[in-house]
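Descriptive structure summary
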Amino acid sequence: MAIGFISGGLLLLCAVTCALWDPKSSMQQSSKQIPITVECRDRHLFISTDLPPSGNEPHFEAVDGGGSYPVTEYYGAQCGYTYSVQPLLGRVVLRASYFSCHTENQNDEVFTFKFRMIIEEQRGKESFVNVSKTCYIPPSHPREVTCEENYMEVSVESGLPCPYPGAVKSDFSAAFSVAQQSAVESLQVMLQAEGQQPEVMSTEDVAKQGYFIMLTPGRIVFRSSFGQPHASFRMVNGVAVEVIHATVFFRQGWTVVMVDLVAACSLDQGSFDGNRLHWKTPAVMTPLLIGPSDLMSEYISIGVDGQVINKQAAEDRGYAVTVNEETVDSSIPFAAEGGVRKSFLMDNVYNELYTVQLTYEQVFVDHSGARTRQNVVRQMATPPIAHPPFSVNQTTPEERVFTVFLGNIPFDVELVSVTLNGQEFSVLTAVQMGYFITRIPQENNTCAYILQVPFDNAVVKKLYIAEGLFQYILEINWTLNIMPQGEAYYHLSSVMALFRDILPPVFDSMCADNGISFQRNHREYDYLWDFTIGRYPLTEQLASERGYIMNNNSNTLILDVPLSTIGYIYEEINLQHFYGSFEVLTRNAKTLSVEQSSAQRCLFQTTELLVCSTEGVLTVVSDITQAVPSIDPGRTTLLDNSCRPLEFDDRRVLFSFGLNTCGTRVQIHQQYVMYENEIIFHMLYSTDSKPVITRDAAYRMTVRCIYPVHGTESLFVDQKFKSETPGMDQSKDPVKVIPQMLNPMSLQKPTKPLIHRANLVAEVRDQNRRKKPAQAMPADHVRVVKWRAPVNAYEFRQTRT
């Protein structure tokens, strides 16, 4: 490099006189505490402050003894200031070169900065904050090349020897002293662009074109913004490089003193391969060579935010420097420490990007041992990386449960609710309602969710397609929140499943005069189901035993259930009519669980009726005039004379009473418990004076309820009764007896005598232990009354004595 000389102080005045401070400004210093970060970095001063709530970006003014100077885009590139807004971090940053304008320089080692930060309030009023900082830096290399975001800068020591072979050495300090005594007009600047004729200009003309030349106590500084007319562009080992070359010279007597100032910067803007950000530069920046010399790369390091870090720290963060013969590739992994990752929404799609300010430092050495340090600050950012969620229908129809997988959910996203066919549920509520929502960690710092909803759930839509074929539909709207800011976005999933869903068969039923009729056509999947009456399977044998009329051919099953057969439920009984209900159950043949009911309730006319209920209530309607035409039904009672008919007309009576009331007698058989009462007809005797009602009954009708012992849980102990099955009912025709000559009724071959109520529990427990099956009662000399009505036992019969 040729030794040279420059009167930079005079040129500086020409460059900055256009931006003087306005002394009439009425701004006031801000009274608020505004957090500001001010740090001395390797090659610049770093100032950072948060973006104010008003959203108005603060701006800076450089301050020196002559006033204040706004740091505009143009002025910043010329004077060594880099101003940037970083919305992802919510801050603004100002970087100032140590050789920037208006900076106090003491021997190129101590630098003092003064700035004024202007803040615009919400109402348009401005205030300011003063910022000052003194930095102490170690000695610089003989040549320093800085590639900032908005300018290139080169500085050289004033005492460098001439690199040309045989060049004459000179004392730069002596040249500086002589140059200060020389006229300004004697200084010339030659800008050399590749492929163009060198252009010689005065220092004033150079300053007007945006270039900056300055003398410091020990260095010469040249600065240029990118893209200047005199810059040249080259491809060096496949990397685009911008080069600016200025030569400063003056004549002293018959000697010409010259200084070459060259800056070269890689124009690579960085790239992203999906995992790492890369930035490339030539392995050797050959444009920095001046004359027949060689440069070798001696040292490379990288860092972030204007500071390089040691090799171990770089490896710990995942930073990498790959050097080959032609290029150096510096790379930083996505979301590595030192950068900023930001997630945001764009068109209802989760996006993220990562930005990092790469700091690159490389030291070159030539054959004479002179070192050149190149410093690069390059802001790199990934493009917005979309992470649209996806859903997979993992439903297995045989399980009858929708299983939906939602994947590609970033680590900072949380599922907050699901909307199922228009009904929204928070995750907590959905789990409480029986839906299964599971979060599953995945690779690449993401997670997934699995939602399970049964086909039979009320929110699922069910469409009939064909015989036994149904379509189940579930529309899911997933609501996802980016945490912690709570930005919500949504994903729609539509799943459906075709399933041959065999519904439990249902009987058609109708009321008849003497009972209820059930009918259904046979179908392909009838083998999957059983039909029961209560808990007893409907078979030919059961129908025969209970008196049902069943016709089961290859096409149709018809079941006629005569009134008073086992299985009826009787309600609202009075002398005019009553309701009879009968139910056929459909149960799963494999699980035996009841899944369908075919029930019919019909209104029947009342003639004669006897009902023994499972609750221990005996209800009887009897036409007593058939036996005693002249009897007055209103004068009938039960064994307890206070128990009179609930209803009666001129022929019939209606009694309904608990089996532990009205004088009911109890007998225990080995397999049965029998309850017996009598309808007594009191005669009216006439005398000469007046009619007299005698307490002796001339006629009486016996009614009985017989329950199997194994199905009776309690026998009126503490006034309670419960039986699994209704009792078998019996009634005897009225019998005329001689007054005061009635004897207790006895069962055929009784095994136990009549007992008192207090002993019944022990007797029943003894019978329950035996667990012997029930047997039908003898049917000797009986006749069936027209209306019969046991609920689930045997028959209503009358016996004549």
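Being a predicted model, the structure only gives us computed values, none of them experimental.

1. Let's talk about the overall build of the chain
- Within the chain one finds 8 helices and 61 strands.
- For the chain, the proportion of contacts with a sequence separation of at least 24, taken over those separated by at least 6, is 63%.
- Surface accessibility of the chain: about 39,300 Å² in total, with carbon and sulfur atoms responsible for 51%.

2. Notes on the confidence of the model for the chain
- Per-residue confidence for the chain averages 79 on the pLDDT scale, and 78% of its residues sit at or above 70.
- Predicted confidence is poor over residues 160-185, with pLDDT under 50, and the contacts of this stretch with residues over four places away or in other chains come to 34 contacts.
- Counting interchain partners and residues more than four positions distant, the pLDDT-below-50 stretch residues 686-696 has 16 contacts.

3. Points about the nonpolar core
- In this structure, F222, L261, L288 and I332 are the most contacted members of the largest nonpolar core, which totals 48 residues.
- In terms of residue count, strand β19 (residues 255-266) provides more of this core than any other element does, 6 residues in total.
- Non-local contacts of I332, meaning those with residues more than four positions away in its chain, are made with R276, L277, V304, Y319, Y354, V356 and L358.
- Formed by 31 residues, the second largest nonpolar core is a distinct cluster that contains I437, V453, L474 and L480.

4. Structural notes on the pattern of salt bridges
- Enumeration over the complete set of coordinates arrives at 22 salt bridges.
- Two residues, E39 and R41, come together in a salt bridge whose shortest N-O distance is 2.7 Å.
- Judged by relative accessible area, which is 32%, E39 ranks as partly exposed.
- R41 gets classed as buried once you look at its relative accessible area, which sits at 9%.

5. Quick notes on the packing of aromatic side chains
- The final tally for this structure, using the stated rule, is 26 aromatic pairs.
- On the numbers, 5.9 Å between centres and 50° between planes, the contact of F518 with F582 is tilted. You can see F518 sitting in strand β40 (residues 515-521) and its partner F582 sitting in strand β46 (residues 577-588), a full 64 residues away along the chain. Neither F518 nor F582 differs from the other in exposure class; each is buried.
- Chaining the aromatic ring pairs together yields one cluster made of F507, F518, F531, Y548, Y568, Y570, F578, F582 and F604.
- The ring of Y151 has R223 lying over it, and the distance from NZ or CZ to the ring centre is 5.7 Å.

6. Considerations on the environment of V221
- By the secondary structure assignment, V221 is in strand β16 (residues 219-225).
- Assessed through its relative accessible area of 0%, V221 is described here as buried.
- In the structure, V221 is positioned 121 residues away from S100 in sequence and 9.6 Å away in space, judged by C-alpha atoms.
- Setting aside anything within four residues of it in sequence, one finds V221 in contact with F99, E153, V154, S155, F212, I213, M214 and T216.

What counts and what doesn't
- Residues numbered from 1 in each chain as written.
- Predicted model: local features only at pLDDT ≥ 70, side-chain atom pairs only at ≥ 80, totals over all residues.
- Heavy atoms only, no water.
- Helix = DSSP H or I, 4+ residues; strand = E, 2+ residues; numbered from the N terminus.
- Contact = heavy atoms within 4.5 Å.
- Areas by Shrake-Rupley, 256 points an atom, 1.4 Å probe, with all protein chains shown as cover.
- pLDDT = per-residue confidence, 0-100.
- Core = buried A, V, L, I, M, F, W, Y, C linked by side-chain atoms within 4.5 Å.
- Buried < 20%, exposed > 50% of the residue type's maximum accessible area, 1.4 Å probe, protein only.
- Salt bridge = Lys/Arg side-chain N within 4 Å of Asp/Glu carboxyl O.
- Phe/Tyr/Trp six-rings, centres within 6.5 Å; stacked < 30°, edge-to-face > 60°.
- Lys NZ or Arg CZ within 6 Å of the ring centre and 35° of its normal.

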